[in-house]
Amino acid sequence: MTEFAYGSDEKFFKVIRPRVFFLTAAVLLMTLALLIRLWYLEVIDVQNLKALAESNRLRQVQLPNYRGTVYDRNGAELASSRGSFNVVVIREDMPDYDAVFDKLGEIISFNKEEAVRSMMAQPEFQPFVVAHDVSRDVAARVEENRYDLPGVSLAIAPVRYYKYDSFASHMIGYLGEISKDQVGKGFFSDYRKGDVIGKYGIEKSFEQILKGVRGANVMEVDAAGRELQMIQQIPPGAGRDVYLSLDFKAQQAAEKAMEGKKGAVVALKPTTGEILAMVSQPAFNPNEFANGVESQYWSQLVSNPYFPLNNRAIQGVYAPGSTFKIIMAAAGLKEGVIDENTTFTCPGFYTLGRKVYHCWKEKGHGKMNLLHALEQSCDVFFYHVGMKLGVDKIYDMAVTFGLNNKTGIGLEDEKRGLIPSSAWKLKYRHKPWGAGETLSSAIGQGFNSVTPLQMARVISAIANDGWLPTARLTRLNEKDAADPEGLGSRNIGLQKKYLDQIRAGLYLVVNSPQGTATHARIPGIDVAGKTGTSQVVVLKEGDKKRKLESIEEKYRDHAWFVAYAPVENPKIALAVLVEHGGHGGSAAAPIAREVIAAYLSDMVKKPSAPAPKPPAAVPVVGEQKINAPEIPNAR
Amino acid sequence: MPDRRAVGEQWLALFDWPLLFTTLTLALLGVVVIYSATFANEGDTMRGLYFKQLEWNFYGLVVLSIMSFVDYRVVERPAYVIYVVTIILLIAVLVAGKVISGSKRWLLVGGINFQPSEMMKLVLIITLTKHFGSVRDSAGEVGFQRLVIPGLLTLVPAVLIAKQPDLGTAVVLVAIFFAMAFVNGIKTKTLLAIMVGALVLVPVMWTHMKEYQKNRVLALVNPSVDPLGTGYHTIQSKIAIGSGGLMGKGLFEGTQSKLNFLPEKHTDFIFAVFAEEVGFVGVFLLLLLYLGLVLRMMDLVLKAKDRTGALMAAGVSAMFGFHFLYNISMTIGLTPIVGIPLPLLSYGGSSLLTNYAAIGLLISIRMRRFRHD
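Here is a short report on the structure shown in this document. (Residues numbered from 1 in each chain as written. Chains lettered and ligands numbered in written order. Predicted model: local features only at pLDDT ≥ 70, side-chain atom pairs only at ≥ 80, totals over all residues.)

**Quick look at the overall build of chain A**
A tally of helices and strands in chain A yields 21 helices and 21 strands. Taking all 635 residues of chain A together, 43% fall into the buried category. (Helix = DSSP H or I, 4+ residues; strand = E, 2+ residues; numbered from the N terminus. Buried ≥ 20, exposed ≤ 12 C-beta atoms within 10 Å, placed from the backbone.)

If you want it as structure tokens, here you go:
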């Protein structure tokens, strides 16, 4: 073995020694680096990676969860959930989806190309819904053909059902699929793509209560997505039920009376502010959205020029017209610019400088006190009151009555309306307030605008001894209902004698032959109220004499009527607005009458004689000597 | 022959028991982890793998024994012949190899699939040793021109193996070459020049890389770009390792491997299976074992009787060191995924036999360090 020259190896080992040390150090350092990284993964980041391992391993198969039922105050089911069958497919279970879809096409009709595309976008082993809410018949046929339809199955899914279709649709609202931007954010943090949520009305406002708790089977899956075993079952919890304050009969009567019209009705319990009826016309049918599928119906609604999706009761703003005279009377009495004996003479007009402001009654009302000015809605009387008060005193009282502010009823997109003041005018119109504008304000025209709900509260406050109730959507129990301050009602600070004077006037509006709302009379029930006419456009002098029918509909005035009943112990207060209805007395008052009669049906005198026709425009002889003896300060 | 007698009498004392003990510990651990990774699978093929690995370990021990009792200088003698034969085998693989999951790596001989590329690693070590030994430059004076032939000796099999494609093993050959050249006494200046040259070569290589190879490099930069595609392996491996936590989920309790989220779980990603089940504590001990193994090998570089033994020890150390460091770093997402198994633990007969043979060679070198001839 002499070819190995071992002698020279000594130098070799001397040279390589540092090199081997260098390599050893490198190996040690790299091992240390690996350990640091492993420490990070297994000790620092362990929670995160454990969660990822779990989410890898576990799949939640959702179990149907039923949404709470919405009832009226007496337990009538308005919105409920029913079981339905969806036809679903699982791509991985279909050896030949083309053939299966062809076969399925013989049973249900669906767009095959689209279904294939959506199915392919689905994660592995996730069911894809081919058809929603199929009939029992179709479900049975799918079941019968299950051997020819591998991968196809029926899934039970809850569907929202609105028993009375468009009944109270603006209040109850509808459901829809959660939008992409909402998923997982804020309130919707535990919602997922494809979840159905309340999109409107009570369904939206009460989502938290109605939705319930999602249930799921927690399945262990392998990397291929196969379900191996159930690890845990999370039972679904049905949503809680909601009892609305809504009264079915009152709502039904209001809807029937409003049929074919446009406008709104809001009825409250004056003592508690509970909504008894809330109608907005035109309405919509929430059943059409039940599957969360955007349909042709939706585009119809959106393109409808009358905006059926608008809740006019809280979103419609209209000039209050003569209903505002209630607030004028309250302000005048409270500020002491008038008392019950103050009289102004109405020649049919009022002059301010060179301008002439007319009363609605051209010939004039003659000598008027507050009682009769309310009864006959004399504009000139309230022009005088308005001039004595000035716009800011009017503004103060209107705000006291809850105007110029949202009522906070808890439905979305409520409007606040507008009550002008001199400060407002200066700030937003950059002009000082004009005296003529005070005159417009005094009769509820001009800048003034209010929602029907706001006016329903105004009339409630009059009926409820000066307590302005907080409007509420749900039924109260009796104990809560007995405590006005606990209800959040606010006293408007008007002495009882002033309230009585106003109420006497409102009583005459309905019950005196000269009253403007004789159409609202109900045998057996004393009704008090105030009519109003909200000008849409200022008509030319000559047009005023024209018959309503001869004016193009969109130029006709809106008709208002606010009322409460029974006078002795008010149980219902309401505001009716009929868009382009003309006069409040003829267009709106009869609707109020129907609602009151339906709600207080026990009190309506069953006529022994032929049914009493609604009082004709010409007062009936027997009712001529009408006064209100039970109201002490009435004359 | 006094040296033979000396070995014969003292072999019990001179035998490298620590190295053998470490080797066997790792190898048996491998059998257990392979069992854990595969017992939940459907079908007997996968489930039986741990037993096959046990068999390979037995053959490996036989190989180790033979290698340790043969003088390593005898092994060196036919190096070029063995080299040529192995090259022919590699060519045969490309021509008539068996394709398993997209790569031609296996040659069917006598009913057994084996990978000549695994064998090539050891053959290269011996061949380079012989070459470096035959050209007696002064230590530390090896210039560039002296690296041309050993470079070619390395590149030819590396290219053949890369073509299979098996980038991992090709890279291992290059690593062995550098380590041995460095230990043999390459000039530092030359080494730096080669490194700069390699950096320049990277863009050229990039254009010649296959799409999936490029994707693997890209996935390393950001694995979540395509979590179900290229980055999937890295993500799932990190999830498996990290979710083990400090103490692990318990032996045989790893969900990532049982439910098949881990790719290549019994071969290249066996470390992830291990880490998921025994946690940081177990991983720490495993790394200590590997470190002990490699340091013991490197220790021999300076303790060998002669240059031949030193170079062989350097080559084997480089092979094991590179394998274990690279394999673990790729399972924790530090380096691109290439097919580099964890030595002694990963399933695979060819790789196991090669490793046992290499360790046998080192035992032989250590046993003969005090011989007098």
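**Description of the environment of Thr 438 of chain A**
All names here are of chain A. Summarising the element assignment, Thr 438 is placed in helix H17 (residues 435-442). Taking the number of C-beta atoms within 10 Å as the measure of exposure, Thr 438 has 23 and is therefore buried. Each C-alpha atom of the pair Thr 438 and Gly 390 lies 6.6 Å from the other, and the pair is 48 residues apart in sequence. Beyond its immediate stretch of four places on either side in the chain, Thr 438 contacts Gly 386, Met 387, Gly 390 and Val 391. (Contact = placed C-beta atoms within 7 Å.)

**Notes on the sheet that holds strand S11 (residues 263-268) of chain A**
What links the strands of a sheet is backbone hydrogen bonding, and the strands pair in either a parallel or an antiparallel sense. Residues and elements named next belong to chain A. Strands sit in the order S12-S11-S21-S20-S19 across an open sheet of five strands; the sheet is antiparallel. Sheet topology places strand S12 (275-281) and strand S19 (528-534) at the edges, where each strand pairs with a single neighbour. Direction aside, the axes of adjacent strands within the sheet are offset by 5 degrees on average. Of the pairings in the sheet, the one linking S19 to strand S20 (residues 558-565) comprises seven bridges and is antiparallel in character. The residue bridging Ser 534 from the neighbouring strand is His 558, located in S20. In this fold helix H18 (residues 452-463) packs onto S11, S20 and strand S21 (572-578), with an angle of close to 145 degrees to the strand it touches most, S21. (Pairing = 2+ DSSP bridges. Axes fitted to C-alpha atoms, helices over the stretch in contact; angles between N-to-C directions.)

**Description of the sheet that holds strand S2 (residues 103-109) of chain B**
Residues and elements named next belong to chain B. Read across the sheet, three strands follow the order S1-S2-S3 without closing on themselves; strand pairing throughout is antiparallel. Across the chains shown, the open sheet's two edge strands, defined by having one partner strand only, are strand S1 (98-100) and strand S3 (112-114). Neighbour to neighbour, the strand axes of the sheet diverge by 45 degrees on average, direction disregarded. With three bridges connecting them, S2 and S3 associate as antiparallel partners. When the bridges of S3 are listed, Leu 107 appears paired with Phe 114.

**As for the packing of helix H2 (residues 17-38) of chain B against helix H4 (residues 49-69) of chain B**
All names here are of chain B. As a packed pair, H2 and H4 sit with axes 8 Å apart at the nearest point and diverge in direction by 165 degrees. What the angle tells us is that H2 and H4 run roughly antiparallel. By crossing handedness, the relation of H2 to H4 is classed as right-handed. Each of Ala 27, Gly 30, Val 31, Ile 34, Tyr 35 and Thr 38 in H2 lies in contact with H4, whose residues at this interface are Leu 49, Tyr 50, Gln 53, Leu 54 and Asn 57. Residue composition of the contact of H2 with H4, grouped by class: seven nonpolar, four polar and no charged. (Parallel < 35°, antiparallel > 145°, perpendicular 65-115°, else oblique. Left-handed = near helix turned anticlockwise from the far one by under 90°. Nonpolar A, V, L, I, M, F, W, Y, C, P; charged D, E, K, R; others polar.)

**Notes on unusual backbone geometry**
A cis geometry characterises the amide bond from Ala 565 of chain A onward to Pro 566 of chain A, with omega recorded as -15 degrees. Residue position: Pro 566 of chain A is located in the loop between S20 and S21. Put simply, Gln 164 of chain B and Pro 165 of chain B share a cis peptide bond, and its omega is 0 degrees. Within the secondary structure layout, Pro 165 of chain B lies in the loop between helix H8 (148-162) and helix H9 (167-184). Of note, Phe 252 of chain B is a non-glycine position whose phi angle comes to about 70 degrees, a positive value. Its location among the elements puts Phe 252 of chain B in the loop between helix H12 (232-243) and helix H13 (255-258).

**As for the nonpolar core**
Counting residues in hydrophobic clusters, the biggest one holds 125 residues, and the most contacted among them are Val 265, Val 266, Ala 267, Leu 574 and Val 595 of chain A. Of all the elements, helix H21 (residues 584-599) of chain A adds the most residues to this core, at ten residues. Split by domain, this core shows at least three residues from each of two domains, domain 2 (59-243) and domain 3 (248-289 + 300-623) of chain A. Setting aside residues up to four positions removed in sequence, Leu 574 of chain A forms contacts with Val 265, Val 266, Ala 267, Leu 268, Ala 456, Ala 563, Ala 592 and Val 595 of chain A. One finds Val 33, Met 119, Ile 241 and Leu 262 of chain B within the second-largest nonpolar core, a separate group that totals 119 residues. (Core = buried A, V, L, I, M, F, W, Y, C linked by C-beta atoms within 7 Å. Domains from an automatic or database assignment.)

**Description of the environment of Ala 314 of chain B**
In this fold, Ala 314 of chain B is placed in helix H15 (residues 307-331). With residues near it in sequence (within four places) discarded, Ala 314 of chain B still touches Ala 179, Met 180, Val 183 and Val 301 of chain B.

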